[in-house]
Amino acid sequence: MTFRFVLPLSDTDLQALMTTHTYGKKPALRRRAHAIVLSHQGHTINQICNILSVTRETVSLWFDAWEAQGLEGLSDKPRTGRPSIYSDEERERLRALIEEQPHQLKAIQAQLQQETGKCSSTMTIKRALKKTGYSFKRARRSLKDRRDETDFRNTQGLLAELQRWEARGEADLYYFDESGFSQSSVLPYAWSPVGSPRKMPAYSRSQRLNVLGFLSRQGKLIYHSTTDTVTTEVVIEAFDHFITCKSPDTFAIVVMDNASVHRSALFQRKRQEWLNQRVYVIYLSSYSPELNLIEILWRKVKYEWLPLTAYESFQSLRQHVQKVLSGYGREYRISFV
């Protein structure tokens, strides 16, 4: 019986095939390269068929392609595929319709069918939208349209300069904000068996734990918690607590947003007093929460660091929040690099 093998490979060809077998972009290409290497190593076509679970005809075609065109012969050739059901003009119309009703795909599908006379599935509409650069994602709330971009850029520049002060040891820079925790808050995502999503008790009303925090990029967190409503007096109480915790010889800059409790006449009077204790307060530009780095901490706590068991009772929630916040800088960290 005559056995067929590929012609002996040069070291260059063997190296190229081994690289393709290991790192090739497509599984089919990696398998074909593997077949050529196996033949070079002395395996018969039948043995290669058993190893790769393919037919003799398939392996023979791979050999022919390799001997005729080398690695290029092992790659899939471009395919024309099925012609697109919609023309460029019709895709532009689809784009216009999706701008009018971005969440009503069925209505858009029906209207497009009425206008073009072409019947297509929902999946076809989705593919057409993806080809025009659209994706299906949750809509987000944003304040960007309401802010002054010039003021926003100036604030970015100021924060960058303050961070350089911090790096040189000229001042400590803190980001201040409040956040609330309750059993009725949005729960974090969690893995669960298919068909058996995890369930937590629903609470129509729940106590609220308010946390007022001062966060530095250096891993420091000073916080004050309360179940009272956050008023100017509560914010002042948190600042007084912050001042007792910081070194009296350190000059601290506190960055905060423009909430009404931060702009009250009482707070402005205290702001002047705190200068004598080496604490200086500056305000972010309006409608720019992304500049306040402590927002990252609140997201981490709520959606990553708090266990689901924290929501079983308000007492449990309070204990777990305190545990996470007191462990910040040791068990829990954020890298701002």
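The model shown is predicted, which means the values in this text are computed figures rather than measured ones.

So, how was this worked out
- Residues numbered from 1 in each chain as written.
- Predicted model: local features only at pLDDT ≥ 70, side-chain atom pairs only at ≥ 80, totals over all residues.
- Heavy atoms only, no water.
- Pairing = 2+ DSSP bridges.
- Helix = DSSP H or I, 4+ residues; strand = E, 2+ residues; numbered from the N terminus.
- Axes fitted to C-alpha atoms, helices over the stretch in contact; angles between N-to-C directions.
- Contact = heavy atoms within 4.5 Å.
- 1 Å grid on protein atoms, 1.4 Å probe; cavity = no way out; pocket = protein on both sides within 12 Å on 5 of 7 lines; lining within 4 Å.
- Points joined across faces, edges and corners; volume = space filled by probe spheres on them.
- Nonpolar A, V, L, I, M, F, W, Y, C, P; charged D, E, K, R; others polar.
- Core = buried A, V, L, I, M, F, W, Y, C linked by side-chain atoms within 4.5 Å.
- Buried < 20%, exposed > 50% of the residue type's maximum accessible area, 1.4 Å probe, protein only.
- Expected span 1.5 Å × (residues − 1).
- Arc of directions from axis to C-beta.
- Patch = residues over 30% accessible without salt bridge, like charges linked within 9 Å, V, L, I, M, F, W, Y side chains within 5 Å.
- Areas by Shrake-Rupley, 256 points an atom, 1.4 Å probe, with all protein chains shown as cover.
- Salt bridge = Lys/Arg side-chain N within 4 Å of Asp/Glu carboxyl O.
- Lys, Arg positive; Asp, Glu negative; His and termini not counted.
- Charge placed at Lys NZ, Arg CZ, Asp CG, Glu CD.

**Considerations on the sheet that holds strand 4 (residues 252-256)**
Sheet strands associate in pairs through backbone hydrogen bonding, adopting either a parallel or an antiparallel arrangement. Ordered by their spatial adjacency, five strands build an open sheet running 3-2-1-4-5, and the pairing between neighbours is mixed. For this open sheet the edge positions go to strand 3 (221-226) and strand 5 (279-283), each flanked by a neighbour on one side alone. Taking each pair of neighbouring strands and ignoring which way they run, the sheet shows an average axis angle of 25°. Summarising the sheet, strand 4 and strand 5 pair through five bridges and their orientation is parallel. Bridged to Ile 253 within strand 5 is Tyr 280. Contacts between helix 12 (residues 265-275) and the sheet are confined to strand 4 and strand 5, with strand 5 contributing the most and set at about 135° to the helix.

**Observations concerning the layout of surface pockets**
When its volume is computed, the largest pocket comes out at roughly 1100 Å³. Along the wall of the largest pocket there are 30 residues; nearest its centre are Arg 138, Arg 141, Glu 295, Arg 299 and Tyr 303. Taken together, the elements giving at least two residues each to the lining of the largest pocket come down to strand 1 (172-182), strand 2 (208-216) and helix 13 (294-305). When residues in the lining of the largest pocket are grouped by element, the largest group, eight residues, is from helix 13. Size it by volume and the second largest pocket reaches roughly 530 Å³. Lining the second largest pocket are 15 residues, and of these Ile 98, Pro 102, Ser 135, Phe 136 and Lys 137 sit closest to its centre. Looking at the lining of the second largest pocket, the elements that each hand over two or more residues are helix 6 (88-100) and helix 8 (122-131). The leading source of residues in the lining of the second largest pocket is helix 8, at three residues. The class makeup of the residues in the lining of the second largest pocket is seven nonpolar, three polar and five charged.

**Some details on the nonpolar core**
By size, the foremost hydrophobic cluster in this structure holds 34 residues, and its most contacted members are Phe 181, Leu 297, Leu 306 and Tyr 328. Put simply, the parts of the chain that give this core at least two residues each are helix 9 (149-167), strand 1, strand 2, strand 4, helix 13 and helix 14 (314-326). Ranked by size, the runner-up nonpolar core spans 21 residues in total, among them Phe 176, Val 235, Ile 243 and Phe 267.

**A short note on helix 4 (residues 56-69)**
An ideal rise of 1.5 Å per residue puts 20 Å on 14 residues; helix 4 measures up with 20 Å between its terminal C-alpha atoms. If you check which residues of helix 4 are buried, you get Val 59, Trp 62, Phe 63, Ala 65 and Trp 66. Each buried residue of helix 4 sits inside an arc of 165° when the element is viewed along its axis, so together they form one side. Along helix 4, exposed side chains directed more than 90 degrees from the buried face belong to Glu 57, Leu 61 and Ala 68. Of the surrounding elements, those touching the buried residues of helix 4 are helix 1 (11-23), helix 2 (27-40), helix 3 (45-52) and helix 5 (71-74).

**What about a positive patch on the surface?**
On the surface, a cluster of positive charge is contributed by Arg 82, Lys 106, Lys 126, Arg 127, Lys 130 and Lys 131. Its location among the elements puts Arg 127 in helix 8.

**Here we look at the pattern of salt bridges**
Going through the model one piece at a time under the given rule, you end up with 18 salt bridges. In this structure, Glu 67 engages Arg 4 in a salt bridge whose closest nitrogen and oxygen atoms are separated by 3.1 Å. Here Arg 4 lies in the segment before helix 1 and Glu 67 lies in helix 4, a separation of 63 residues in the sequence. Using a relative accessible area of 30% as the deciding quantity, one classes Arg 4 as partly exposed. Arg 32 serves as the salt-bridge partner of Asp 76, at 3.0 Å between the closest nitrogen and oxygen.

**Let's talk about unusual backbone geometry**
With a phi angle near 60°, Ser 53 is a residue other than glycine that sits in the positive phi range. As for its position among the elements, Ser 53 is in the loop between helix 3 and helix 4. Using a relative accessible area of 65% as the deciding quantity, one classes Ser 53 as exposed. We note that Tyr 287 has phi near 60°; this positive angle belongs to a residue other than glycine.

**A look at the environment of Val 186**
Within the fold, Val 186 resides in the loop between strand 1 and strand 2. Since its relative accessible area comes to 59%, Val 186 is described here as exposed.

**A word on helix 13**
Of the residues making up helix 13, those classed as buried are Ile 294, Leu 297, Trp 298, Val 301 and Trp 305. Projected down its long axis, helix 13 carries its buried residues within an arc of 120°, all on one side. The inward-facing, buried residues of helix 13 contact strand 1, strand 2, strand 3 and helix 14.

Function cannot be inferred from these measures alone, as they are strictly geometric.
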